[in-house]
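Spelled out from the first residue to the last, the chains are:
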Amino acid sequence: MKTFPESELIINSDGSCFHLHLRPEQLADRVILVGDPARVNTVAAHFDSIECEVQSREFHTITGTYKGKRITCQSHGIGCDNIDIVMNELDTLANIDYATRTERPEHRTLTCVRIGTCGGLQPYTPTGSFVASVKSIGFDGLLNYYAGRNDVCDLKMEEAFKHHMQWNPIKGAPYVAVANPELTEQIAQDDMVRGYTISCGGFYGPQGRELRAPIADPTQNAKAQSFEYDGMHVCNFEMESSALAGLAALLGHRATTCCMVIANRFAKEMNTEYKNTIDTLIRKVLDRI
């Protein structure tokens, strides 16, 4: 039986996991993930009851009930590096006995839906539209550090994408993580655009934004927009969905991402007042999760 030493599985003195400060009994099977810690309150405002609330750094958690469903809303901050922390620690809460530091004999599967914001890349993804990430292309390289990444990635699409983009290997190998198909259908239904998402390791240069520092490939976004595979296109940029889909699959959980477009890079439009309208997407996910 595998035992996890103190340096690898770090448990706080109150019996909570290191970064999230959650205890195992505080985690629901259904998890809504959001980037902004303040957005946890927006989601939880719809709950019928609140069971617990915990906050540590950018990690804000509220567990409660919504129409009879026990749900945890968890903030993750910005970037795939934070998803690495959140998904691994949520999995330890579900599947490791903290008292004995051993893996539980029966696997507990979490259902995770990330609600985010993104930049649209297609003319049919204007500001305000909702995009469900069928597959996510990770520019961040996170999943490449895990054994088994080839088993949860679309390797043929990876090669097609690198060829189309004339990929420079100095940037590291992109990976294509696949969201849980059944969960994606359950959440997207008939009112979300389905497509591919690029998860970037930054907001400016990695997403093709050029301010004072010149970017290495000024044609990146145009090439990404024109990429087609199995009849789908790259619909949007964001910064977390690839790590979420990939790590969830590696750990035996169900995960998908849906985002509201707040900037259309194709039309060069931006909606800075998106916080007033994202509640529509939140209510859809709460009803469907």
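In what follows, the accompanying structure is described. (Residues numbered from 1 in each chain as written. Predicted model: local features only at pLDDT ≥ 70, side-chain atom pairs only at ≥ 80, totals over all residues. Heavy atoms only, no water.)

**With respect to the packing of helix H1 (residues 37-44) against helix H7 (residues 279-288)**
Move 1: At a minimum axis distance of 10 Å, the contact between H1 and H7 shows a crossing angle of 60°. Comparing the axis directions of H1 and H7 gives the class oblique. In this structure, the crossing between H1 and H7 has a hand that is right-handed. Two secondary-structure elements touch here, H1 through Arg-39, Thr-42 and Val-43 and H7 through Asp-279, Ile-282 and Leu-286.
Move 2: Here the residues of the contact of H1 with H7 are counted per class, giving three nonpolar, one polar and two charged. (Axes fitted to C-alpha atoms, helices over the stretch in contact; angles between N-to-C directions. Helix = DSSP H or I, 4+ residues; strand = E, 2+ residues; numbered from the N terminus. Parallel < 35°, antiparallel > 145°, perpendicular 65-115°, else oblique. Left-handed = near helix turned anticlockwise from the far one by under 90°. Contact = heavy atoms within 4.5 Å. Nonpolar A, V, L, I, M, F, W, Y, C, P; charged D, E, K, R; others polar.)

**Thoughts on the pattern of salt bridges**
Move 1: Taken as a whole and judged by the stated rule, the model has 14 salt bridges.
Move 2: In this structure, the salt-bridge partner of Asp-29 is Arg-108, at a minimum N-O distance of 2.6 Å. One end of the pair, Asp-29, is in the segment before strand S1 (30-34); the other, Arg-108, is in the loop between strand S6 (102-103) and strand S7 (111-120), and 79 residues separate them in sequence.
Move 3: Arg-149 serves as the salt-bridge partner of Glu-158, at 3.2 Å between the closest nitrogen and oxygen.
Move 4: Relative accessible area serves as the criterion here: at 5%, Glu-158 is assigned to the buried category. (Salt bridge = Lys/Arg side-chain N within 4 Å of Asp/Glu carboxyl O. Buried < 20%, exposed > 50% of the residue type's maximum accessible area, 1.4 Å probe, protein only.)

**Some thoughts on the nonpolar core**
A general trend in soluble globular proteins is that nonpolar side chains are found buried together.
Move 1: If you look at the biggest cluster of nonpolar residues, it comprises 33 residues, and the most contacted ones within it are Leu-90 and Cys-112.
Move 2: Mapped onto this core, the elements with two or more residues apiece are S1, helix H2 (80-95), strand S9 (175-178) and helix H6 (241-251).
Move 3: A total of seven residues in this core trace back to one element, the largest contributor, which is H2.
Move 4: With residues near it in sequence (within four places) discarded, Cys-112 still touches Val-31, Leu-33, Met-87, Leu-183, Leu-244, Arg-254, Ala-255 and Thr-256.
Move 5: By size, the runner-up hydrophobic cluster in this structure holds 28 residues, among which are Val-43, Tyr-274, Ile-282 and Ile-289. (Core = buried A, V, L, I, M, F, W, Y, C linked by side-chain atoms within 4.5 Å.)

**Points about the packing of H2 against H6**
Move 1: Their axes nearest at 9 Å, the elements H2 and H6 cross at an angle of 25°. By the angle between their axes, H2 is roughly parallel relative to H6. In this structure, the crossing between H2 and H6 has a hand that is right-handed. Here Cys-80, Ile-83, Asp-84, Met-87, Asn-88 and Asp-91 of H2 lie close against H6, whose contacting residues are Ser-242, Ala-243, Leu-244, Leu-247, Ala-248 and Leu-251.
Move 2: Split by residue class, the contact of H2 with H6 holds eight nonpolar, two polar and two charged.

**Details of the packing of aromatic side chains**
Move 1: Taken as a whole and assessed by the stated rule, the structure comprises six aromatic pairs.
Move 2: With 6.4 Å between their ring centres and 5° between their planes, Phe-227 and Tyr-229 make a pair best called stacked. For the residue pair Phe-227 and Tyr-229, the accessibility class agrees, reading buried in each case.
Move 3: Directly above the aromatic system of Trp-167 lies the positively charged group of Lys-171, at a separation of 4.1 Å from the ring centroid.
Move 4: Positioned above the aromatic ring of Phe-203 is the side chain of Arg-209, whose terminal nitrogen or guanidinium carbon lies 3.9 Å from the ring centre. (Phe/Tyr/Trp six-rings, centres within 6.5 Å; stacked < 30°, edge-to-face > 60°. Lys NZ or Arg CZ within 6 Å of the ring centre and 35° of its normal.)

**As for the pairing of strand S3 (residues 59-66)**
Move 1: Where burial is concerned, most of S3 is hidden: seven out of the eight residues are buried.
Move 2: The sheet contact formed by strand S2 (residues 49-56) and S3 spans seven bridges and is antiparallel. Along S3, the bridge assignment pairs Val-54 with Thr-61.
Move 3: Between S2 and S3, which pair antiparallel one after the other, the connecting turn spans two residues, and Arg-57 there sits at a positive phi close to 55°. (Pairing = 2+ DSSP bridges.)

**Here we look at a nonpolar patch on the surface**
Move 1: Together, Phe-203, Tyr-204 and Leu-211 make up a nonpolar patch on the protein surface, roughly 330 Å² of accessible area in all.
Move 2: Structurally, Phe-203 can be placed in the loop between strand S10 (193-199) and helix H5 (220-226). (Patch = residues over 30% accessible without salt bridge, like charges linked within 9 Å, V, L, I, M, F, W, Y side chains within 5 Å. Areas by Shrake-Rupley, 256 points an atom, 1.4 Å probe, with all protein chains shown as cover.)

**Some points on the environment of Ala-248**
Move 1: By secondary structure assignment, the location of Ala-248 is in helix H6.
Move 2: Judged by its relative accessible area of 0%, Ala-248 falls in the buried class.
Move 3: The spacing of Ala-248 and Cys-118 is 130 residues in sequence and 21 Å in space, taken between C-alpha atoms.
Move 4: For Ala-248, the residues in contact, after removing those within four places along its chain, are Met-87, Ala-243, His-253 and Ala-255.

**So, H6**
Move 1: Of all 11 residues in H6, eight are buried; the element is thus mostly enclosed.
Move 2: Burial in H6 covers these residues: Ser-241, Ser-242, Ala-243, Leu-244, Ala-245, Gly-246, Leu-247 and Ala-248.
Move 3: Looking one or two residues beyond H6, the residue adopting positive phi is Gly-252, at roughly 85°.

**Overview of the layout of surface pockets**
Move 1: Approximately 680 Å³ is the volume found for the largest pocket.
Move 2: Lining the largest pocket are 26 residues; nearest its centre among them are Phe-4, Asn-88, Asp-91, Thr-92 and Ile-96.
Move 3: Top contributing element to the lining of the largest pocket by residue count: H2, with seven residues.
Move 4: Residue composition of the lining of the largest pocket, by class: 14 nonpolar, six polar and six charged.
Move 5: Considered as a void within the structure, the second largest pocket measures approximately 470 Å³ in volume.
Move 6: Taken together, 23 residues make up the lining of the second largest pocket; nearest its centre are Ile-78, Thr-117, Phe-203, Met-239 and Tyr-274. (1 Å grid on protein atoms, 1.4 Å probe; cavity = no way out; pocket = protein on both sides within 12 Å on 5 of 7 lines; lining within 4 Å. Points joined across faces, edges and corners; volume = space filled by probe spheres on them.)

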